[in-house]
Amino acid sequence: MQYKYESADRDYSDYSSGRVLYSLPGHPAFPVRLASEIFQRCLAQREKNYSISTPCHLYDPCCGAAYHLSVLGFLHGHQIKKISASDVDEKAVALASRNLGLLSAAGMDERIAEIDRLLALYQKDSHRQALASAYRLQSKPLADLKVQAFQANALDRDALTRQIPPGTVDIVFSDVPYGQHSHWQEAGRGQTQSPLWLLLDALRGTLSAASIVALVSDKQQKPVHAGFQRLEHFHLGKRNIVLLKPI
C-alpha cells in the first residue's frame, strides 16, 4: 500500500494508547497514520462520488475503546460533526465514552488532573510524558463535536437504528473483530451469511444517501454484499482494507 495523504511519517507519540488516551486489554490500538490515511480516503471518495465535502457523521459499530475514533477527532475534528461508537462489550463501551470525552475541554481537563495526581504520587517519567502530551492535545483547537457511545450487537440492524437515526451516518470506519473473537463468532453463528455480510446489511439502515464504508479485517474475511459497490481495496501487512459505497 502507498500512502496518498499521510506520506510523511510524523511523530504520533502524543496519541499513544495508554498515555493520554485510555487503553483496554484485548483491544489493540489502531495505527494512527493508517487511521488518518483511511479516513482521508473516505472523505475523498465522498467528494468524488457525491460532490459533498461538509463535516460528516462518523460511526464505528465495533469500536472497542474508540481509540482510532478519538484520534481522528483530534486530527480531523473540523471535518467531523458527530462521532458515534458502539460495541457488544459493555466494558469497551465504558472506556470508549471516556476516550471520546477527551475531545471536549471538560474531558481533557479531567484527564490532565488525573495524570497530575499520578505524577505527584509516583513521580514516574511516563506520567511526565503523558502530562506533556495532554497539554499539547489540549492546545489543539477542537471542533464542537457531538459524541455518543452505546452497547449494541453490530449485526443487529434494529439495535443500531434504535440508537442512530436512520439515514444519518456518512462514514463508517471499523476495524472489525478477527476470527478468534468469540463475540464475533457467536453473533454470526447459525447464519448462512458471513459476519461481514451481516454487518453490512445491518449498517444499511443507518447510512445516509452520501455515505462511504471503510472496513479493516484480516485477509480471510471478505466484505461482499450485493447492496454495496467496492471503491478501493488494498493491503497493509495482515490487514485487508476495503472502501465501499451503498448501491
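The coordinates are above.
Here's what I pulled together on the structure shown here. (Residues numbered from 1 in each chain as written. Predicted model: local features only at pLDDT ≥ 70, side-chain atom pairs only at ≥ 80, totals over all residues. Heavy atoms only, no water.)

**Remarks on the environment of D201**
- Among the secondary structure elements, D201 is positioned in helix α8 (residues 195-203).
- For the pair D201 and L155, spaced 46 residues apart in sequence, the C-alpha separation works out to 7.8 Å.
- The residues touching D201, leaving out its near neighbours within four places in the chain, are R157 and H225. (Helix = DSSP H or I, 4+ residues; strand = E, 2+ residues; numbered from the N terminus. Contact = heavy atoms within 4.5 Å.)

**Brief notes about the pairing of strand β1 (residues 56-60)**
- With five of its five residues buried, β1 lies for the most part within the structure.
- Both faces of β1 are covered, namely the face carrying C56, L58 and D60 and the face carrying H57 and Y59.
- Note on the crossover from β1 through helix α2 (residues 67-76) to strand β2 (residues 80-87): the handedness is right-handed.
- Summarising the sheet, β1 and strand β4 (residues 169-175) pair through two bridges and their orientation is parallel. Bridge pairing in β4 places L58 opposite I171. (Buried < 20%, exposed > 50% of the residue type's maximum accessible area, 1.4 Å probe, protein only. Right-handed = clockwise from strand over helix to strand, strands pointing away. Pairing = 2+ DSSP bridges.)

**Quick word on unusual backbone geometry**
- Even without a glycine there, the phi angle at S51 is positive, about 55°.
- Along the chain, the position of S51 falls in the loop between α1 (32-50) and β1.
- Classification of S51 by relative accessible area gives exposed; the value is 67%.
- The phi torsion at A66 lies on the positive side, around 60°, for a residue other than glycine.
- Inspection of the secondary structure assignment puts A66 in the loop between β1 and α2.

**Comments concerning the pattern of salt bridges**
- Per the stated rule, a full pass over the model turns up nine salt bridges.
- Note that R136 is salt-bridged to D14, the shortest N-O span being 2.8 Å. Pair noted here: R136 is in helix α5 (residues 125-138) and D14 is in the segment before α1, with a separation of 122 residues, a long-range link.
- Given a relative accessible area of 13%, D14 falls into the buried group.
- Between E114 and R111 there is a salt bridge, with the nearest N and O atoms lying 2.9 Å from each other. With E114 and R111 both in helix α4 (residues 105-122), this residue pair falls three residues apart, about one helical turn.
- Here the salt bridges do not stand alone but share partners, grouping E37, R41 and E232 into one network. (Salt bridge = Lys/Arg side-chain N within 4 Å of Asp/Glu carboxyl O.)

**A closer look at the sheet that holds strand β6 (residues 228-236)**
- Overall, mixed pairing links the seven strands, which are arranged β3-β2-β1-β4-β5-β7-β6 in an open sheet. With partners counted over all chains shown, the strands left at the sheet margins are β3 (146-151) and β6, one partner each. Across the sheet, the mean angle from the axis of one strand to that of its neighbour is 15°, orientation sign disregarded.
- Relative to strand β7 (residues 239-246), β6 is paired through eight bridges, and the arrangement is antiparallel. Bridging across to β7, Q229 finds its partner in K245.
- Of the strands in this sheet, β1, β2 and β4 are in contact with α2, which crosses β2 at around 170°.
- Sitting on the sheet, helix α3 (residues 90-101) touches β2 and β3, and the angle it makes with β3 is about 170°. (Axes fitted to C-alpha atoms, helices over the stretch in contact; angles between N-to-C directions.)

**Notes on α5**
- The first and last C-alpha atoms of α5 sit 20 Å apart over 14 residues, in line with the 20 Å expected at 1.5 Å per residue.
- Among the residues of α5, those classed as buried are H127, A130, L131, S133, A134 and L137. Down the axis of α5, the buried side of the element spans an arc of 165°, and every buried residue falls inside it.
- In this structure, the buried residues of α5 make contact with α2 and α4. (Expected span 1.5 Å × (residues − 1). Arc of directions from axis to C-beta.)

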